[in-house]
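Structural characterization, general
For reference, the chains in residue letters:
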Amino acid sequence: MIEPEGGATDQTPSPGTEHRTGVTRRVVLGAAGVGVVAAAAAGGVAVGRSTAAESAADVRAHIVPFYGRRQAGIITEAQDRLHFASFDVITDDRDELIDMLKRWTAAAERMTRGLDTVEGGALGLGDYTPPADTGEALGLSAASLTLTIGFGPGLFGPSAANPTGVDRFGLADRKPAALQDLPAFVADAIERPRSFGDIGVQACSDDPQVAVHAIRNLARMGFGVVSVRWSQLGFGRTSSTTTTQTTPRNMFGFKDGTSNIKADDTAALDQHVWVAGSDNPPGAQWMTGGTYLVARRIRMDVEPWDRAMLLEQEQIVGRFKGNGAPLGKVDEFDDPDFNIGDGTGPLIARNAHVRLAHPDNLGGVRILRRGYNFTDGSDGFGHLDAGLFFIAYCRDAHTQFVPMQRALASKDAMMEYLMHTGTALFACPPGLQEGEYWGQHLFT
């Protein structure tokens, strides 16, 4: 699934706080307070001198607040890089799990400020002690890092990831109503090693090394309590979450995310993204104000697609490849008109992706998209293992994502070129106040 097509951060910046930009800078301070700045834009490197004060200001400009009403990384202006990890909880000790979540929270908050996981973690613990921070982010800015956590069905009892059905942590009565494994869809080719999980963590950043460092260190800190079930790197966001961002392109070369819900559309967010108190029984009120994260690894069959003529590609999508306008319209943001015809049928075909994914044809269903492109090398046949790591946030995946995907899986002409190989669903609680830890209201 590629559509529905789609800032401000999740937390409202305090007065005087600089808004984050799309440029990542690496800051290395020398003995004289001189920095070397490497811009990651377009894969190039620009080197120049800066004062210590300028470097400090640059670091502040790339910090997204960790604490707030909502978790960062949901309606935050979408960054350019992703490292997503799904973890299995391998302990049965509730206290061990809570202790790890406390340590994770403290480390996550520090890393989003561009700091070590703990004070002096990379270099300051002595020559004969393993460092508490792996150190590959030393000298880098926070790069707008956000860390977003969610809890999978297996943490609460029976699920695809927990087939024994054991409620290890006494959470069965705290399970949200909508936290049920996603069903199978037509043409799915789901691989279990790339699916499900007890805990999901999304790390987004404008610097890939910062995102990888964050997940690597959380996994390291969780040794003996959790293990990585699967992970996914992503580049080149495939959606826009703010009105200031341009629409990016997916691996098929088309603009993707044109009609996404934006951060300033509070009415749409309340209706389609944030969980309301009435959505859950009393035991699951910890999810009020949170949201559900749908993750789907979608391999795109790029070689056959690249051999299709341009007209065929545009008919499959229902948009012009150049400017992204719906067929029959002029501008990218023009509303599609599904009634326009050329005498032989509608310009936007009945099996076109845009038509099937549009809210008008789905009873008004919308989701907040936040996916990324990926390329994981090549397969044994020399074909690119590339595609879309689809991430969506919604109030109830079973009433929003599921009917949308059923329509696409059975009717979308684009499905000839797509294969869904991974799937997961996580319940993401609301944000934290200072002094709280990830999952506190779930476990207490």
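Refer to the preceding data block for the structure.
Figured I'd write up the structure that's included with this text. Everything quoted here is computed from the prediction, not taken from an experiment.

Overview of the environment of F320
Summarising the element assignment, F320 is placed in the loop between α6 (310-317) and α7 (353-357). Residue F320 is classed as partly exposed on the basis of its relative accessible area, which comes to 32%. When the C-alpha positions of F320 and E332 are compared, they lie 8.6 Å apart, and in sequence the two are twelve residues distant. Excluding its chain neighbours within four sequence positions, the residues that come into contact with F320 are F254, E314, A325, P326, L327, G328 and K329.

Re the packing of aromatic side chains
Counting across every chain of the model gives 15 aromatic pairs. For the ring pair F84 and W230, a centre distance of 5.5 Å and an interplane angle of 10 degrees mean the geometry is stacked. With F84 in strand β4 (residues 81-89) and W230 in strand β7 (residues 226-237), this residue pair connects regions lying 146 residues apart in the sequence. Residues F84 and W230 agree in their burial class; the two are buried. Site record: aromatic cluster; members linked through ring pairs are F84, W230, F389 and F426. Note that R70 overlies the ring of W274, its terminal NZ or CZ placed 4.2 Å from the centroid.

Section: the pairing of strand β10 (residues 372-378)
Every other side chain in a regular strand lies on the same face of the sheet, so the side chains alternate between the two faces. Of the strand pairs in this sheet, β7 and β10 are connected by two bridges, and their pairing is antiparallel. Bridged to F235 within β10 is N373. With five bridges connecting them, β10 and strand β11 (residues 384-394) associate as antiparallel partners. Pairing of S378 across the sheet is with L384, part of β11. What sits between β10 and β11 in their antiparallel hairpin is a turn of five residues, with G382 showing a positive phi close to 80 degrees.

What to know about a negative patch on the surface
Judged by side-chain charge, D92, D93, D95 and E96 come together as a negatively charged surface patch. Along the chain, E96 turns up in helix α2 (residues 94-111).

Remarks on the pairing of β4
For β4, the tally of buried residues reaches eight of nine residues, placing the bulk of the element in the interior. With seven bridges joining them, β4 and strand β6 (residues 199-205) adopt antiparallel strand pairing. Following the sheet pairing, L82 is matched in β6 by C204. In terms of strand pairing, β4 meets β7 through nine bridges, oriented antiparallel. Each bridged residue has a counterpart across the sheet, and for S86 the counterpart in β7 is W230.

Regarding unusual backbone geometry
Of note in the backbone geometry, A143 takes a positive phi value of approximately 55 degrees without being a glycine. Residue position: A143 is located in the loop between α2 and β5 (146-151). A positive phi angle is found at A187, which is not glycine, with a value near 75 degrees.

Observations regarding the nonpolar core
Formed by 86 residues in total, the largest nonpolar core has its most connected members in L97, W104, L147 and I199. Among the elements that line this core, the one with the most residues is α2, at eight residues. The residues touching W104, leaving out its near neighbours within four places in the chain, are F87, I149, I199, V201, L218, M221, G222, V226 and W438. By size, the runner-up hydrophobic cluster in this structure holds 23 residues, among which are I74, L368, F374 and Y393.

A look at the pattern of salt bridges
Under the counting rule described, the total for this entry stands at 17 salt bridges. Connected through salt bridges with shared partners, the residues E191, R194, R297, R299, D376, D379 and D385 form a single ionic network.

A few points about the environment of I199
Relative to the elements of secondary structure, I199 occurs in strand β6. In this structure, the C-alpha to C-alpha distance between I199 and R229, residues 30 residues apart in sequence, is 9.5 Å.

Observations concerning the side chain of E136
Structurally, E136 can be placed in the loop between α2 and β5. Engagement of the side chain of E136 in a polar contact is seen with the side chain of R216, the distance being 3.2 Å. Apart from the residues lying within four places of it in its own chain, the contact partners of E136 are Q209, V212, H213, R216 and N217.

Considering the environment of A427
The residue A427 is located in strand β12 (residues 418-428) in this model. For the pair A427 and G152, spaced 275 residues apart in sequence, the C-alpha to C-alpha distance is 6.3 Å. Every residue in contact with A427, bar those within four places of it in the chain, is listed here: I149, G150, F151, P176, L179, W286, M287, T291 and Y292.

Observations regarding the packing of α2 against helix α3 (residues 208-221)
Where α2 meets α3, the closest approach of the two axes is 10 Å, and the angle between their N-to-C directions is 155 degrees. It follows that α2 is roughly antiparallel to α3 by the angle criterion. Judged by the twist between their axes, the crossing of α2 over α3 is right-handed. Of the residues in α3, those in contact with M100, R103, W104, A107 and M111 of α2 are H213, A214, N217, L218 and M221. Split into classes, the residues belonging to the contact of α2 with α3 amount to seven nonpolar, two polar and one charged.

Definitions and limits used
Residue numbers restart at each chain and count upward from 1, following the sequence in its written direction. Per-residue local features of the predicted model are confined to residues with pLDDT of at least 70, and side-chain atom pairs are confined, for both listing and counting, to 80 or more; whole-chain, interface and lining totals are unaffected and use all residues. Remark: hydrogens and water are excluded; side-chain values derive from all non-hydrogen atoms of the structure. Secondary structure elements are defined from DSSP: runs of H or I of at least 4 residues count as helices, runs of E of at least 2 residues count as strands, and each element is numbered from the N terminus. For every residue, the accessible area (1.4 Å probe, protein chains only) is compared with the maximum for its type, and the residue is labelled buried under 20%, exposed over 50%, or partly exposed between those bounds. Here a residue-residue contact requires only that any non-hydrogen atoms of the pair lie within 4.5 Å. A pair of aromatic rings is counted whenever rings of Phe, Tyr or Trp (Trp by its six-membered ring) have centres within 6.5 Å, and the orientation is called stacked for planes under 30 degrees apart, edge-to-face for over 60 and tilted otherwise. Counting as a charge over the ring demands two things of the Lys NZ or Arg CZ atom: a distance within 6 Å of the ring centre and an angle within 35 degrees of the ring normal. Between any two strands, at least two bridges found by DSSP are needed for them to pair. Only residues whose relative accessible area exceeds 30% and that form no salt bridge enter a patch; like-charged residues are grouped when within 9 Å of one another, and nonpolar side chains (Val, Leu, Ile, Met, Phe, Trp, Tyr) when within 5 Å. In this description, accessible areas are obtained by the Shrake-Rupley approach with a 1.4 Å probe, and a residue is regarded as covered only by the protein chains that are shown. A carboxyl oxygen of Asp or Glu within 4 Å of a side-chain nitrogen of Lys or Arg is what we treat as a salt bridge. Under the counting rule used here, the positive set is Lys and Arg, the negative set is Asp and Glu, and His together with the chain ends is not counted. Here the site of a charge means atom NZ of a Lys, CZ of an Arg, CG of an Asp or CD of a Glu. Throughout, nonpolar core names a set of buried Ala, Val, Leu, Ile, Met, Phe, Trp, Tyr and Cys residues whose side chains join them through atoms within 4.5 Å. What qualifies as a polar contact is a pair of N or O atoms within 3.5 Å, subject to a donor-acceptor requirement within protein and to the restriction that residues adjacent in sequence count only when both atoms come from side chains. A fitted line through C-alpha atoms serves as each axis, taken over the contacting stretch for helices, and the angle formed by two N-to-C directions is quoted from 0 to 180°. Orientation categories follow fixed angle ranges, with anything under 35 degrees roughly parallel, anything over 145 roughly antiparallel, 65 to 115 roughly perpendicular, and all other angles oblique. Crossing handedness is defined as follows: a turn of the near helix away from the far one that is anticlockwise and smaller than a right angle gives a left-handed crossing, while the clockwise case is right-handed. Charged means Asp, Glu, Lys or Arg here, nonpolar means Ala, Val, Leu, Ile, Met, Phe, Trp, Tyr, Cys or Pro, and polar covers whatever is left, Gly included.

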